[in-house]
Amino acid sequence: MTTSPKNEVWTVFKRLLGYLKPLKAVLALAIFGLAMYALVDATFIAVIKPFIDEGFGGQAGQAAQAAGGIGSIDFGTGAGFNSESDVLLIAPFVVIGLFSLRGLANFLSTYCISYMSARVIMDMRQEVFEHYLTLPVSYIDKENTGNLISRVTYDTEQIARASGSALITIVRDSITVIGMIAIMFYFSWKLSLVILVVGPVIGLVITVVSRRFRKVSKQIQTAMGGVTAATEQMIKGHKNVLSFGGQQTEAERFAKVNNQNRYQTMKLATAQAISQPLVMIIGSFALAFVLYAASLDSMKTELTAGTFATILAAMLAMLQPIKNLTRVNAEFQRGIAACTTVFELLDTQPESDKGTLDVERVKGDLTFNNVSFSYPGQEKLALNGIDFKVEQGQTLALVGRSGSGKSTIASLVTRFYTGLQAGEITLDGHNIDEYKLKNLRSQVALVSQQVTLFNDSIANNIAYAYPGVATREQIIEAATLAHAMEFIEPMPEGLDTQIGENGVMLSGGQRQRIAIARAILRNAPVLILDEATSALDTESEKAIQQGLDNLRQNRTSVVIAHRLSTIESADQILVVDQGQIVERGNHETLLAQGGVYANLYQMQFGS
């Protein structure tokens, strides 16, 4: 996307208009309504002249003649009186008709633009949300969560203003101003020439202020992301905040970002507050000039009372639309700034997926061939020369200290991270990059130490994203194998029990058993258990171990564990330290070696 200041607004606005293409008919109706509204206002000003000159002109002329005065205009006699009666008789109907038409135009335009705004904001929010689902894990890792949420909520709201309320003002008030200028020039081009001087000056003011609006608006968006992030952080860690007595710390943290948001908002308000009176003052000079020019003898001979009143009314009627256009400029620039941010996000490249291989079910032969990997932006290798092979039905266990690279190995299998420094990872002899991304991940069931559950029933959480429709019997069988039915059955609504956001109604061990049941139901040929039993007490762990053993049968299993009791039966155990494999073998051989594994085992079991 072009970032040149000159072209940026038009480029962004043109892209925004693309969202209105499916709503062309509604947009046309809205513009028609806005134009009709503005033209009715202009028509009302235009009929002031005949109302004054013909409606009251005859009476004024007779009074002048009776007083012996010499007027510059012959207002007529009896014929003028009849004309006066006709005009004044028609006037009430004209006024009612015009204002009824104005009301209809107002309803049509307001409804259509509200409909368009709602649709645009809905479509854009959906697009942003769906784009998040395609972004690589590395992008989400480095982004502020509050900013990501703000794109979906706050930024799209600002865009709605640009495409909604701002459009109402821009179209309607622009036509009003043009209509009033046309009326002025039609009735007296000499008096109206002042507009040619004042117009460019007002335009210059608006242009300068626009740049300021757009710059400050981007800063407001960033500050708003900070507010969202601070709030989300406090809510997620609410228990920790209370237990550590961190209320004051969080209040001060929020006060800082909240004040930053206020400061940026006031910068925008200041620019807005300066620009509006400045435009009004410039407009007052134009009005003053018209009043002065009308007092000159040369102008008096060319003007009637109706003409002067019409020009004066048109100038006064222009002031509010010009003020509105100045005010809406802030909203419009705010929307354009939000558009720029959202479009930059939408232009972020999704996960790379150049794979073409699509298989129904792999055997599960997983191989790491001398794999080295470092995370984006980091020079230090997270994995260095990792080399192993797990065949179908075998279990590979990874043990080691926190941060040694165990979870990184699991993340590479599902291509959460790509771009190996060296080596390759194969599944059934094919490089995992050859598989279509969706197909690859459908072959893998992941149970992480960070269990994610949704604000839904237990049954729906177990069947989450299951391909096809999971039957009640399948869900019960999976829950039974995971030893989850032990706590589900006593619940009042059983499998239909609502568990709250992220399973807040369940204990840590119960949440992990739901996650294990989900993996069992998925029935994938490759199973990754990343600290899957870390939140289970000893009794629960023993109860679920049989279920995990059942789950591992005829599957390739990669088990990451701190508790060595859960991996004693593994076919192969790798001890990982600082991204390298320092020991390998089964439980008995590693104990016999008396190395790192034996020391870890001795620390946990004392012998």
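The shown structure was predicted, so the numbers you read here are calculated from the model rather than taken from an experiment.

Q: Could you give an account of the overall build of the chain, with specific residues and numbers?
A: When helices and strands are counted, the chain shows 23 helices and 10 strands. A burial count over the chain gives 46% of its 607 residues as buried. Within the chain, contacts between residues separated by at least 24 positions form 78% of all contacts whose residues are at least 6 apart in sequence. Carbon and sulfur atoms form 58% of the exposed surface of the chain, whose accessible area is close to 30,800 Å².

Q: Describe in detail the packing of helix H18 (residues 472-481) against helix H20 (residues 508-522), supporting the description with residues and values.
A: Two numbers describe how H18 lies on H20: the axes approach to 8 Å, and their chain directions differ by 125°. Overall, the two elements H18 and H20 adopt an arrangement that is oblique. In this structure, H18 meets H20 at a crossing whose hand is right-handed. Contacts between H18 and H20 involve Gln474, Ile475, Ala478, Ala479 and Leu481 from the first element and Ala517, Ile520 and Leu521 from the second. Tallied by class, residues from the contact of H18 with H20 come to 7 nonpolar, 1 polar and no charged.

Q: Could you give an account of the UniProt feature "transmembrane region" (unreviewed entry) in the chain, with specific residues and numbers?
A: Under the present numbering, the feature "transmembrane region" (unreviewed entry) in UniProt falls on residues 25-48, 89-116, 166-187, 193-210 and 277-295. With 96% helix and 0% strand, the stretch residues 25-48 has end C-alpha atoms that lie 35 Å from each other. Counting secondary structure, residues 166-187 comes out at 100% helix and 0% strand; the distance between its end C-alpha atoms is 31 Å.

Q: Any chance you could break down unusual backbone geometry for me, citing the residues and the numbers?
A: A positive phi is found at Arg415, a non-glycine position, where the angle reads about 60°. By the secondary structure assignment, Arg415 is in the loop between helix H15 (406-413) and strand E4 (422-427). The phi dihedral of Asn523 falls on the positive side, at around 55°, and the residue is not glycine. Summarising the element assignment, Asn523 is placed in the loop between H20 and strand E7 (526-530).

Q: Now, about the packing of aromatic side chains: what can you tell me, with residues and values included?
A: Here the structure, examined in full by the defined rule, presents 10 aromatic pairs. Ring centres of Phe373 and Tyr375 lie 5.1 Å apart, and the angle between their planes is 75°; on these two criteria the pair is classed as edge-to-face. Overall, the relative accessible area of 22% leaves Tyr375 in the partly exposed class. Ring centres of Tyr597 and Tyr601 lie 6.4 Å apart, and the angle between their planes is 25°; on these two criteria the pair is classed as stacked. Remark: Tyr601 and Tyr597 occur in helix H23 (residues 596-605); sequence separation between them is 4 residues, near one turn of the helix. The pair formed by Tyr597 and Tyr601 is uniform in burial state, with each residue classed as buried. Pairwise contacts between aromatic rings join Phe373, Tyr375 and Tyr417 into one cluster.

Q: Describe the pairing of strand E10 (residues 580-585), and please don't skip the residues or the numbers.
A: Taken together, the 5 bridges between strand E9 (residues 572-577) and E10 define a ladder with antiparallel strand orientation. Its bridge partner being in E10, Asp577 is matched across the sheet by Gln580. What sits between E9 and E10 in their antiparallel hairpin is a turn of 2 residues, with Gln578 showing a positive phi close to 50°.

Q: Explain the pattern of salt bridges to me, using residue names and the numbers behind them.
A: According to the stated counting rule, one finds 14 salt bridges in the structure shown. The residue Arg253 makes a salt bridge to Glu250 at a minimum N-O spacing of 2.9 Å. Here Glu250 and Arg253 lie together in helix H12 (residues 247-294), a separation of 3 residues that amounts to about one turn. The exposure class assigned to Arg253 is partly exposed, which follows from its relative accessible area of 38%.

Q: An account of the pairing of E9 is needed here, citing residue identities and associated values.
A: Burial of E9 is extensive: 5 of the 6 residues sit out of reach of the surface. Here strand E3 (residues 395-399) pairs with E9 via 4 bridges, running parallel. When the sheet's bridge partners are listed, Val399 is paired in E9 with Val575.

The rules behind each value
Residues numbered from 1 in each chain as written. Predicted model: local features only at pLDDT ≥ 70, side-chain atom pairs only at ≥ 80, totals over all residues. Heavy atoms only, no water. Helix = DSSP H or I, 4+ residues; strand = E, 2+ residues; numbered from the N terminus. Buried < 20%, exposed > 50% of the residue type's maximum accessible area, 1.4 Å probe, protein only. Contact = heavy atoms within 4.5 Å. Areas by Shrake-Rupley, 256 points an atom, 1.4 Å probe, with all protein chains shown as cover. Axes fitted to C-alpha atoms, helices over the stretch in contact; angles between N-to-C directions. Parallel < 35°, antiparallel > 145°, perpendicular 65-115°, else oblique. Left-handed = near helix turned anticlockwise from the far one by under 90°. Nonpolar A, V, L, I, M, F, W, Y, C, P; charged D, E, K, R; others polar. UniProt positions renumbered as here; feature names shortened; annotations may be inferred. Phe/Tyr/Trp six-rings, centres within 6.5 Å; stacked < 30°, edge-to-face > 60°. Pairing = 2+ DSSP bridges. Salt bridge = Lys/Arg side-chain N within 4 Å of Asp/Glu carboxyl O.

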